[in-house]
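Residue-level structure breakdown
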Amino acid sequence: MRVAVIRFPGSNCEPESKRAVERAGGEAYFVWHRDTSLGGADAVILPGGFSYGDYLRSGAIARFSPIMEAIRRLAADGGPVLGLCNGFQILCEAGLLPGALRRNAGLKYVSRPVDLRVERTDTPFTNAYAMGEVFRVPVGHGDGRYAAPDAVLDELDANRQVVLRYSGPAAPDAPANPNGSVRDIAAVCNREGNIVGMMPHPERLADAALGSDAGHRVFESLVRYSLLATR
Amino acid sequence: MTWRVRVRILPRTGLLDPEGQAVEQALAALRFTGASNVHVGKAIALDVAAPNADEARAKARAMCEQLLANPVTEDFDIDVEPAGSA
């Protein structure tokens with residue numbers, strides 16, 4: 001499993017994503033957003049951060065980066081693509097995932113742990129979790145409120161495209177849903193299930209040395225998925 | 001001919017607009033009574049070369065649909081006038 005971790009101007013936590021893949025037994029390397037080739041990658045991770053300073057809207061400019069065409073092709077062929085935080089925003093702006101991420105309901109940047117309930121385990125990024133399991137990883141974002149028209153939301157539910165929902169009191173005296181996302185949506189996938197976007201940062205908590213490796217299984221899922229796929 | 005195009009972008013009606021709500025509460029705190037339905041968006045101004053105003057507007061509409069506004073969560077409207085006037 002070779003994983004390309006894309007670097008945009010303003011990306012963050014991309015070394016964490018790379019290390020998380022490596023810790024799970026995969027190979028990972030950085031690809032600059034101006035490149036046009038993914039270098040033979042089997043999967044792609046779009047990291048968090050503030051690509052292009054969040055100008056216009058978060059992710060709105062990054063979607064025009066030259067590397068996006070290669071990502072579109074890989075995704076169209078069924079290759080796994082994961083967008084974390086800003087990566088999720090980019091995938092929505094690029095039309096690869098439904099919906100949009102808007103300013104947090106509380107208008108403030110939120111940086112804290114959240115509890116996530118696993119709603120779907122047959123994606124390349126959640127197959128190592130149990131259905132209904134709740135795990136805790138951090139969020140850090142100002143534009144994380146998932147929004148979409150009701151018709152789209154109903155379609156997402158009907159097609160089981162909600163992958164994770166905010167659930168439970170990760171932080172005392174704080175709501176389970178950190179940003180006002182509609183229907184508590186924290187992660188969605190495309191119709192085929194190979195493209196997943198999530199606002200939380202599992203890569204920031206994927207090493208037991210940090211006190212928890214609750215996010216590790218996102219990356220373990222990816223490596224496991226590739227083993228299952230090639231068998 | 002060059003046209004001055006102004007695009008106004010607002011959160012789509014019916015979607016939660018926390019920024020608009022916060023401004024509405026701030027207006028009430030200043031005792032501006034009767035201010036309601038407040039929404040905060042953005043304005044974008046640009047010069048557009050086109051043979052006539054209709055084509056300038058059509059160009060601007062395409063720009064909004066593909067980049068300037070998010071078709072999922074935002075509505076927009078467009079003003080066109082000859083560049084350099086007023």
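In case you missed it, the structure is sitting above this.
These remarks concern the structure in this document.

Cut-offs applied
Residues numbered from 1 in each chain as written. Chains lettered and ligands numbered in written order. Predicted model: local features only at pLDDT ≥ 70, side-chain atom pairs only at ≥ 80, totals over all residues. Heavy atoms only, no water. Helix = DSSP H or I, 4+ residues; strand = E, 2+ residues; numbered from the N terminus. Rg over C-alpha atoms; globule rule 2.2 N^0.38 Å. Buried < 20%, exposed > 50% of the residue type's maximum accessible area, 1.4 Å probe, protein only. Contact = heavy atoms within 4.5 Å. Areas by Shrake-Rupley, 256 points an atom, 1.4 Å probe, with all protein chains shown as cover. Lys, Arg positive; Asp, Glu negative; His and termini not counted. Charge placed at Lys NZ, Arg CZ, Asp CG, Glu CD. Salt bridge = Lys/Arg side-chain N within 4 Å of Asp/Glu carboxyl O.

Further remarks concern the overall build of chain B. Within chain B, the secondary structure is distributed over two helices and three strands. For chain B, the sequential pattern of α-helices and β-strands runs β-α-β-α-β. Against the 2.2 N^0.38 benchmark of 12 Å for 86 residues, chain B shows a C-alpha radius of gyration of 16 Å, more extended than a compact globule. Here the C-alpha coordinates of chain B stretch approximately 50 × 30 × 15 Å along the principal axes. A buried classification covers 27% of the 86 residues belonging to chain B. Within chain B, counting contacts between residues at least 6 apart in sequence, those at least 24 apart form 72% of the total. Carbon and sulfur atoms form 55% of the exposed surface of chain B, whose accessible area is close to 5300 Å². Treating the 9 positive side-chain charges of chain B as one cloud and the 12 negative ones as another, the clouds have centres 3 Å apart.

All names here are of chain A. Summed over all chains, the structure comprises 23 salt bridges over all chains. For E93, the salt bridge is made with R57, and the minimal N-O distance between the two is 2.7 Å. Here E93, found in helix α3 (residues 86-93), pairs with R57, found in the loop between β5 (48-49) and α2 (67-76); they are 36 residues apart in sequence, far enough to count as distant. Here D143 and R103 are joined by a salt bridge, their closest N and O atoms 3.3 Å apart. One end of the pair, D143, is in the loop between β9 (134-141) and β10 (145-147); the other, R103, is in the loop between β7 (100-102) and β8 (110-118), and 40 residues separate them in sequence. Look at R103 and you get partly exposed, because its relative accessible area is 37%. Through salt bridges with shared partners, one network takes in R117, E119, D154, D157, R165 and R183.

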